[in-house]
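What follows is each chain in one-letter form.
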Amino acid sequence: MAGAMIVTGAHSVILSGRTAVARIEPARSAPRITGRGRRPVLRNERCYHIQVATRSAKGFSNRVETVFIDRDGVLNEKAPEGRYVARWDHFRVLPGVPEALSKLNHAGLRVIVVSNQRGIALGLYSAADVEAVQAKFQQLLKPFGARVDAFYFCPHEKGQCNCRKPQPGMFERAVAEFPSVTAEASVMIGDSLSDIEFGRRLGMSTILIEGDLANSKPGTEEAAQIAGLRCASLLTAVDALLSSLKLP
Ligand SMILES: [Mg+2]
Ligand SMILES: [Zn+2]
């Protein structure tokens, strides 16, 4: 099972007082896109919605209460492929991330970080190292009025467990900790095919963060084709999500 540093408390109060409801098109209804061409990313605007090209303004349709967020490449700069962010002094928070998390918190959405940390299985760093980074990140968020409600990570080698994304173990862990979590009311935001597959298999909406193409993993092309939405950063993704919120 995934290691975890859990921060509990405040979110449930916020959620019970004001349940945020977002509407977003389920990724699984996205049309199959054929051809190898890469569609443009609107970096200066919000996000590119896969439905825009093929559907009229049917808009968003899911309630959203929980946002699952990948770590490396979404919250912090990804290490070059095959290398790992092992310690806090390697952890470079990406622009707009504390603001984005603060916006989610203030909208009453639960924020859960789910991260594959195979570097532990490879002996490059320990679970305690990952937990130390999480604690430092949580501290960094405080002055922004932001927090992560829970961190989960998979410390295992490929093919050895039920928790390495796209396997569903970290979602099951979240449901165990927060019984009101449902896939239908969740969004997965990540920068890898494994993130998008994790979300889609569970029936979540998905948002792909498209970072530096030169530094992207194999499979990112496919992820771009199956993600519900593609954005240049966590902040643009959060703005797109919150702009579709319907608060009661
Ligand atoms: Mg990632
Ligand atoms: Zn695992």
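These figures come from a predicted structure and were not determined experimentally.

Considerations on the overall build of the protein
Okay, so step 1: Each helix and strand counted, the protein has 7 helices and 8 strands in total.
Okay, so step 2: Here the protein, with 248 residues, has 43% of them falling under the buried criterion.
Okay, so step 3: Restricting to contacts in the protein with at least 6 residues of sequence separation, those with at least 24 account for 74%.

Some remarks on the environment of Asn105
Okay, so step 1: Inspection of the secondary structure assignment puts Asn105 in helix H2 (residues 97-106).
Okay, so step 2: Residues Asn105 and Asp149, spaced 44 residues apart in sequence, show a C-alpha to C-alpha distance of 9.0 Å.
Okay, so step 3: With residues up to four places along the chain from it excluded, the contact list for Asn105 reads Val111, Ala146 and Arg147.

A few points about the environment of Ala127
Okay, so step 1: Looking at the secondary structure, you find Ala127 in helix H3 (residues 127-141).
Okay, so step 2: Residue class for Ala127 comes out partly exposed when judged on the 15 C-beta atoms lying within 10 Å of it.

Concerning the pairing of strand E7 (residues 205-209)
Okay, so step 1: Within E7, 5 of the 5 residues are buried, leaving the element largely enclosed by the surrounding structure.
Okay, so step 2: Alternating positions in E7 separate into two faces, Ser205, Ile207 and Ile209 on one and Thr206 and Leu208 on the other, with burial throughout.
Okay, so step 3: Where strand E6 (residues 186-190) and E7 come together, 4 bridges link them in parallel fashion. Bridging across to E7, Ile189 finds its partner in Ile207.

Side note on the pairing of strand E4 (residues 110-116)
On any regular strand, side chains alternate: one points to one face of the sheet, the next to the other face.
Okay, so step 1: Here E4 lies mainly inside the structure; 7 of its 7 residues are buried.
Okay, so step 2: Across the two faces of E4 the burial is the same, with Arg110, Ile112, Val114 and Asn116 and Val111, Val113 and Ser115 all buried.
Okay, so step 3: A crossover connection joins strand E3 (residues 66-69) to the parallel E4 through H2; in handedness this β-α-β unit is right-handed.
Okay, so step 4: Relative to strand E5 (residues 150-154), E4 runs parallel, the two being bridged by 5 bridges. Each bridged residue has a counterpart across the sheet, and for Val114 the counterpart in E5 is Tyr152.
Okay, so step 5: Regarding the hand of the β-α-β motif, the stretch spanning E4, H3 and E5 is right-handed.

Points about the packing of H2 against helix H7 (residues 234-243)
Helix packing geometry: the angle between the two helix axes and the distance between the axes.
Okay, so step 1: Across the interface, H2 lies against H7 with an axial gap of 8 Å and an inter-helix angle of 20°. As far as their axial angle goes, H7 and H2 are roughly parallel. Taken as a pair, H2 and H7 cross one another with a handedness that is left-handed. Side by side, H2 and H7 meet where Val97, Glu99, Ala100, Lys103 and Leu104 of the first sit next to Leu234, Leu235, Val238 and Leu242 of the second.
Okay, so step 2: Its residues assigned to classes, the contact of H2 with H7 comprises 7 nonpolar, no polar and 2 charged.

Considerations on the nonpolar core
Okay, so step 1: In terms of nonpolar packing, the biggest core is built from 55 residues, with Val187, Ile189, Leu234 and Ala237 touching the most fellow members.
Okay, so step 2: Residues within four places of Ile189 in sequence aside, it is in contact with Val67, Phe68, Ile69, Asp70, Val74, Ile207, Ile209, Leu234 and Ala237.

Section: unusual backbone geometry
Okay, so step 1: Cis geometry marks the peptide bond from Lys165 to Pro166; its omega dihedral reads 15°.
Okay, so step 2: By the element assignment, Pro166 lies in the loop between E5 and helix H4 (169-177).

Digging into the confidence of the model for the protein
Okay, so step 1: With 72% of its residues at a pLDDT of at least 70, the protein reaches an overall mean of 80.
Okay, so step 2: Predicted confidence is poor over residues 1-45, with pLDDT under 50, and the contacts of this stretch with residues over four places away or in other chains come to 103 contacts.

Things to note about helix H5 (residues 193-202)
Okay, so step 1: For H5, the tally of buried residues reaches 7 of 10 residues, placing the bulk of the element in the interior.
Okay, so step 2: Buried within H5 we find Leu193, Asp195, Ile196, Glu197, Phe198, Gly199 and Arg200.
Okay, so step 3: Tucked inside the fold, the buried residues of H5 contact E6, E7 and helix H6 (220-226).
Okay, so step 4: Backbone geometry just after H5 places Gly203 at a positive phi near 90°.

A look at H4
Quick reminder: α-helices carry 3.6 residues per turn. Residues three or four places apart thus point the same way.
Okay, so step 1: Among the residues of H4, Met170, Phe171, Arg173 and Ala174 are the ones counted as buried. Projected down its long axis, H4 shows its buried positions confined to an angular sector of 155°, all on one face.

Conventions and cut-offs
Residues numbered from 1 in each chain as written. Chains lettered and ligands numbered in written order. Predicted model: local features only at pLDDT ≥ 70, side-chain atom pairs only at ≥ 80, totals over all residues. Helix = DSSP H or I, 4+ residues; strand = E, 2+ residues; numbered from the N terminus. Buried ≥ 20, exposed ≤ 12 C-beta atoms within 10 Å, placed from the backbone. Contact = placed C-beta atoms within 7 Å. Pairing = 2+ DSSP bridges. Right-handed = clockwise from strand over helix to strand, strands pointing away. Axes fitted to C-alpha atoms, helices over the stretch in contact; angles between N-to-C directions. Parallel < 35°, antiparallel > 145°, perpendicular 65-115°, else oblique. Left-handed = near helix turned anticlockwise from the far one by under 90°. Nonpolar A, V, L, I, M, F, W, Y, C, P; charged D, E, K, R; others polar. Core = buried A, V, L, I, M, F, W, Y, C linked by C-beta atoms within 7 Å. pLDDT = per-residue confidence, 0-100. Arc of directions from axis to C-beta.

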